[in-house]
Amino acid sequence: RPSPSDTNVIWFGSGKLYKDVKLDLKDNQTVYIEGGAVVQGYIIAEGKKNIKICGRGILDGSFNKSTEGNHNRFISLEDCENISIEGITLHNGTTWQTALFHCNKARIKGIRIVSESGGDDGMDIFRCTNVVIDDVFAHTKDDCIAIKSGGQYPAADPTDNILVKNCVFWNSIWGNAVEVGFELYSNEVKNIRFENIDIIHVE
(Lines give C-alpha, C1' and ligand atoms only; values in the text may rest on other atoms or scores of the structure.)
Protein backbone atom coordinates (compact mmCIF):
# COMPACT_ATOMS: atom_id res chain seq x y z
CA ARG A 1 0.00 0.00 0.00
CA PRO A 2 1.77 3.17 -1.15
CA SER A 3 1.35 6.62 0.32
CA PRO A 4 -1.46 8.63 -1.32
CA SER A 5 0.67 11.76 -0.95
CA ASP A 6 3.50 10.32 -3.05
CA THR A 7 3.69 12.33 -6.27
CA ASN A 8 4.41 9.13 -8.25
CA VAL A 9 1.18 7.48 -7.04
CA ILE A 10 -2.14 7.74 -8.89
CA TRP A 11 -4.65 6.98 -6.15
CA PHE A 12 -8.25 5.84 -6.55
CA GLY A 13 -9.97 5.99 -3.18
CA SER A 14 -12.46 3.58 -1.67
CA GLY A 15 -16.21 3.97 -2.10
CA LYS A 16 -16.06 5.91 -5.37
CA LEU A 17 -16.85 5.23 -9.04
CA TYR A 18 -14.33 6.70 -11.49
CA LYS A 19 -15.63 6.96 -15.06
CA ASP A 20 -13.78 7.33 -18.36
CA VAL A 21 -10.30 6.90 -16.86
CA LYS A 22 -7.46 6.94 -19.43
CA LEU A 23 -4.00 6.58 -17.95
CA ASP A 24 -0.75 6.69 -19.94
CA LEU A 25 1.88 5.89 -17.34
CA LYS A 26 5.39 7.32 -16.96
CA ASP A 27 8.52 5.82 -15.41
CA ASN A 28 8.31 4.94 -11.70
CA GLN A 29 4.55 5.48 -11.42
CA THR A 30 2.21 3.42 -9.26
CA VAL A 31 -1.54 3.10 -9.79
CA TYR A 32 -3.32 2.15 -6.57
CA ILE A 33 -7.00 1.14 -6.69
CA GLU A 34 -8.16 0.94 -3.11
CA GLY A 35 -10.60 -1.75 -2.04
CA GLY A 36 -14.13 -0.47 -2.69
CA ALA A 37 -13.08 1.72 -5.64
CA VAL A 38 -14.39 0.99 -9.15
CA VAL A 39 -12.42 2.38 -12.09
CA GLN A 40 -13.93 2.33 -15.58
CA GLY A 41 -11.25 2.82 -18.23
CA TYR A 42 -7.79 1.64 -19.21
CA ILE A 43 -4.10 1.83 -18.28
CA ILE A 44 -1.38 1.89 -20.94
CA ALA A 45 2.37 2.51 -21.08
CA GLU A 46 5.05 2.27 -23.75
CA GLY A 47 8.81 2.16 -23.21
CA LYS A 48 8.56 2.77 -19.46
CA LYS A 49 10.27 1.29 -16.40
CA ASN A 50 9.29 0.52 -12.80
CA ILE A 51 5.51 0.52 -13.18
CA LYS A 52 3.15 -0.83 -10.51
CA ILE A 53 -0.61 -1.39 -10.73
CA CYS A 54 -2.00 -2.66 -7.47
CA GLY A 55 -4.69 -2.53 -4.81
CA ARG A 56 -7.87 -4.41 -3.95
CA GLY A 57 -10.33 -2.46 -6.12
CA ILE A 58 -11.94 -3.13 -9.49
CA LEU A 59 -11.15 -2.21 -13.09
CA ASP A 60 -14.52 -2.40 -14.81
CA GLY A 61 -15.23 -2.63 -18.54
CA SER A 62 -19.01 -2.76 -18.49
CA PHE A 63 -19.35 0.46 -20.46
CA ASN A 64 -16.37 0.06 -22.79
CA LYS A 65 -17.01 -0.17 -26.50
CA SER A 66 -15.19 -2.96 -28.34
CA THR A 67 -14.80 -0.67 -31.39
CA GLU A 68 -12.32 1.54 -29.53
CA GLY A 69 -9.40 -0.76 -30.41
CA ASN A 70 -6.37 -1.43 -28.22
CA HIS A 71 -7.24 1.25 -25.70
CA ASN A 72 -10.16 -0.93 -24.74
CA ARG A 73 -7.72 -3.31 -23.04
CA PHE A 74 -7.71 -2.80 -19.30
CA ILE A 75 -3.92 -2.98 -19.03
CA SER A 76 -1.70 -2.75 -22.12
CA LEU A 77 2.05 -2.36 -21.63
CA GLU A 78 4.58 -2.35 -24.48
CA ASP A 79 8.39 -2.29 -24.38
CA CYS A 80 8.29 -1.87 -20.61
CA GLU A 81 10.61 -3.23 -17.92
CA ASN A 82 10.21 -4.06 -14.25
CA ILE A 83 6.41 -4.31 -14.04
CA SER A 84 4.21 -5.34 -11.13
CA ILE A 85 0.45 -5.96 -11.35
CA GLU A 86 -1.07 -7.16 -8.11
CA GLY A 87 -4.30 -7.73 -6.22
CA ILE A 88 -6.90 -5.93 -8.35
CA THR A 89 -10.04 -7.40 -9.92
CA LEU A 90 -10.70 -6.99 -13.66
CA HIS A 91 -14.40 -7.19 -14.48
CA ASN A 92 -16.20 -7.64 -17.78
CA GLY A 93 -13.47 -6.88 -20.29
CA THR A 94 -14.40 -6.78 -23.97
CA THR A 95 -10.97 -7.68 -25.37
CA TRP A 96 -7.53 -8.73 -24.06
CA GLN A 97 -7.52 -7.65 -20.44
CA THR A 98 -3.91 -7.85 -19.26
CA ALA A 99 -1.60 -7.61 -22.27
CA LEU A 100 2.19 -7.38 -22.13
CA PHE A 101 4.01 -6.72 -25.42
CA HIS A 102 7.79 -7.11 -25.69
CA CYS A 103 8.26 -6.51 -21.96
CA ASN A 104 10.99 -7.74 -19.60
CA LYS A 105 10.84 -8.51 -15.89
CA ALA A 106 7.13 -8.58 -15.11
CA ARG A 107 5.23 -9.96 -12.12
CA ILE A 108 1.48 -10.56 -12.04
CA LYS A 109 0.24 -11.76 -8.66
CA GLY A 110 -3.12 -12.29 -6.99
CA ILE A 111 -5.32 -10.59 -9.58
CA ARG A 112 -8.88 -11.77 -10.27
CA ILE A 113 -10.37 -11.73 -13.76
CA VAL A 114 -14.12 -12.24 -14.23
CA SER A 115 -15.50 -11.80 -17.74
CA GLU A 116 -17.89 -13.31 -20.27
CA SER A 117 -17.22 -11.44 -23.53
CA GLY A 118 -15.88 -12.57 -26.88
CA GLY A 119 -12.14 -12.01 -27.30
CA ASP A 120 -11.70 -11.32 -23.59
CA ASP A 121 -8.37 -13.11 -23.05
CA GLY A 122 -7.41 -12.83 -19.41
CA MET A 123 -3.66 -12.52 -19.89
CA ASP A 124 -1.67 -12.30 -23.13
CA ILE A 125 2.10 -12.54 -22.77
CA PHE A 126 3.36 -11.37 -26.14
CA ARG A 127 7.09 -11.64 -27.03
CA CYS A 128 8.12 -11.13 -23.38
CA THR A 129 10.97 -12.35 -21.18
CA ASN A 130 11.27 -13.09 -17.47
CA VAL A 131 7.62 -13.09 -16.44
CA VAL A 132 6.13 -14.65 -13.28
CA ILE A 133 2.36 -15.09 -12.95
CA ASP A 134 1.30 -16.33 -9.52
CA ASP A 135 -2.01 -16.94 -7.69
CA VAL A 136 -4.32 -15.63 -10.43
CA PHE A 137 -8.00 -16.55 -10.80
CA ALA A 138 -9.29 -16.10 -14.34
CA HIS A 139 -12.83 -16.81 -15.56
CA THR A 140 -13.06 -15.80 -19.21
CA LYS A 141 -15.02 -16.70 -22.30
CA ASP A 142 -11.85 -16.71 -24.42
CA ASP A 143 -8.31 -17.80 -23.41
CA CYS A 144 -7.50 -17.54 -19.72
CA ILE A 145 -3.83 -17.17 -20.60
CA ALA A 146 -2.07 -17.16 -23.98
CA ILE A 147 1.69 -17.13 -24.57
CA LYS A 148 2.47 -15.51 -27.93
CA SER A 149 5.41 -14.16 -29.93
CA GLY A 150 3.97 -12.13 -32.77
CA GLY A 151 4.18 -8.46 -33.60
CA GLN A 152 6.63 -6.30 -35.51
CA TYR A 153 9.67 -7.25 -33.44
CA PRO A 154 12.98 -8.80 -34.55
CA ALA A 155 12.66 -12.57 -35.09
CA ALA A 156 15.68 -13.03 -32.82
CA ASP A 157 13.80 -11.59 -29.83
CA PRO A 158 12.41 -14.66 -28.06
CA THR A 159 9.52 -15.41 -25.77
CA ASP A 160 11.58 -16.76 -22.88
CA ASN A 161 11.36 -17.65 -19.19
CA ILE A 162 7.64 -17.48 -18.47
CA LEU A 163 6.45 -19.10 -15.22
CA VAL A 164 2.72 -19.51 -14.48
CA LYS A 165 1.99 -21.08 -11.08
CA ASN A 166 -0.65 -21.56 -8.39
CA CYS A 167 -3.50 -20.35 -10.61
CA VAL A 168 -7.17 -21.27 -11.07
CA PHE A 169 -8.57 -21.03 -14.61
CA TRP A 170 -12.22 -21.26 -15.67
CA ASN A 171 -12.64 -21.05 -19.44
CA SER A 172 -16.05 -21.11 -21.09
CA ILE A 173 -17.58 -21.44 -24.58
CA TRP A 174 -14.40 -20.96 -26.67
CA GLY A 175 -10.70 -20.39 -26.33
CA ASN A 176 -8.41 -22.32 -24.00
CA ALA A 177 -7.55 -22.33 -20.33
CA VAL A 178 -3.83 -22.55 -21.16
CA GLU A 179 -2.47 -21.76 -24.61
CA VAL A 180 0.97 -21.51 -26.20
CA GLY A 181 0.21 -19.87 -29.57
CA PHE A 182 -1.21 -18.96 -31.97
CA GLU A 183 1.06 -16.18 -33.34
CA LEU A 184 4.44 -17.80 -32.69
CA TYR A 185 6.70 -15.84 -35.04
CA SER A 186 9.94 -15.50 -33.09
CA ASN A 187 12.87 -17.84 -33.70
CA GLU A 188 12.53 -19.21 -30.18
CA VAL A 189 9.77 -19.82 -27.65
CA LYS A 190 11.41 -21.45 -24.64
CA ASN A 191 11.34 -22.03 -20.90
CA ILE A 192 7.55 -21.82 -20.61
CA ARG A 193 6.41 -23.50 -17.38
CA PHE A 194 2.98 -24.13 -15.87
CA GLU A 195 2.99 -25.37 -12.27
CA ASN A 196 0.11 -26.24 -9.93
CA ILE A 197 -2.71 -25.03 -12.18
CA ASP A 198 -6.35 -25.93 -11.40
CA ILE A 199 -8.62 -25.88 -14.46
CA ILE A 200 -12.25 -25.78 -13.32
CA HIS A 201 -13.78 -25.91 -16.80
CA VAL A 202 -12.75 -25.72 -20.42
CA GLU A 203 -14.74 -26.27 -23.65
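Parameters and conventions
- Residues numbered from 1 in each chain as written.
- Predicted model: local features only at pLDDT ≥ 70, side-chain atom pairs only at ≥ 80, totals over all residues.
- Heavy atoms only, no water.
- Pairing = 2+ DSSP bridges.
- Helix = DSSP H or I, 4+ residues; strand = E, 2+ residues; numbered from the N terminus.
- Axes fitted to C-alpha atoms, helices over the stretch in contact; angles between N-to-C directions.
- Phe/Tyr/Trp six-rings, centres within 6.5 Å; stacked < 30°, edge-to-face > 60°.
- Buried < 20%, exposed > 50% of the residue type's maximum accessible area, 1.4 Å probe, protein only.
- Salt bridge = Lys/Arg side-chain N within 4 Å of Asp/Glu carboxyl O.

**Q** Explain the sheet that holds strand β20 (residues 189–195) here, please?
**A** Backbone hydrogen bonds are what pair the strands of a sheet, in a parallel or an antiparallel way. The 8 strands are arranged β1-β3-β5-β8-β11-β14-β17-β20 in an open sheet whose pairing can be described as parallel. Each of the sheet's edge strands pairs with one partner strand only, and the pair in question is β1 (9–12) and β20. Strand-to-strand twist in this sheet, taken as the mean axis angle between neighbours without regard to direction, amounts to 5°. Where strand β17 (residues 159–165) and β20 come together, 6 bridges link them in parallel fashion.

**Q** Would you take a moment to explain the packing of aromatic side chains for this structure?
**A** To describe a pair of aromatic rings, one takes the distance between the centres and the angle between the planes. Within this structure, the stated rule accounts for 5 aromatic pairs. Here the aromatic rings of Phe 101 and Phe 126 are separated by 5.0 Å at their centres, their planes lie at 55°, and the arrangement is tilted. Remark: Phe 126 occurs in strand β13 (residues 123–126) and Phe 101 occurs in strand β10 (residues 98–101); sequence separation between them is 25 residues. Considered together, Phe 101 and Phe 126 belong to a single accessibility category, that of buried residues.

**Q** I keep staring at unusual backbone geometry and nothing clicks. Help me out?
**A** Residues apart from glycine generally show negative phi values, whereas peptide bonds are mostly found in trans. With an omega of -5°, the peptide bond running from Gly 181 to Phe 182 counts as cis. Looking at the element boundaries, Phe 182 is found in strand β19 (residues 178–184). One non-glycine residue with positive phi stands out, namely Asn 50, at about 60°. Unlike most non-glycine residues, Asn 166 shows phi in positive territory, near 60°. By secondary structure assignment, the location of Asn 166 is in the loop between β17 and β18 (168–171).

**Q** Would you explain the pattern of salt bridges in this entry?
**A** Where charged atoms from two side chains of opposite charge approach closely, those side chains can pair. All told, the structure shown has 9 salt bridges when counted by the stated rule. Note that Glu 81 and Lys 105 form a salt bridge whose closest N and O atoms lie 4.0 Å from each other. In this pair, Glu 81 sits in strand β8 (residues 81–86) while Lys 105 sits in strand β11 (residues 104–109), placing the two residues 24 residues apart along the sequence. Here Lys 148 and Glu 183 are joined by a salt bridge, their closest N and O atoms 3.0 Å apart. Of this pair, Lys 148 sits in strand β16 (residues 145–149) while Glu 183 sits in strand β19, and the two are 35 residues apart along the sequence. Of the residues examined, Lys 148 reaches a relative accessible area of 4% and is grouped as buried. By relative accessible area, which is 27% here, Glu 183 ends up partly exposed. Each member of the salt-bridge network shares a partner with another, and the members are Lys 148, Glu 179 and Glu 183.

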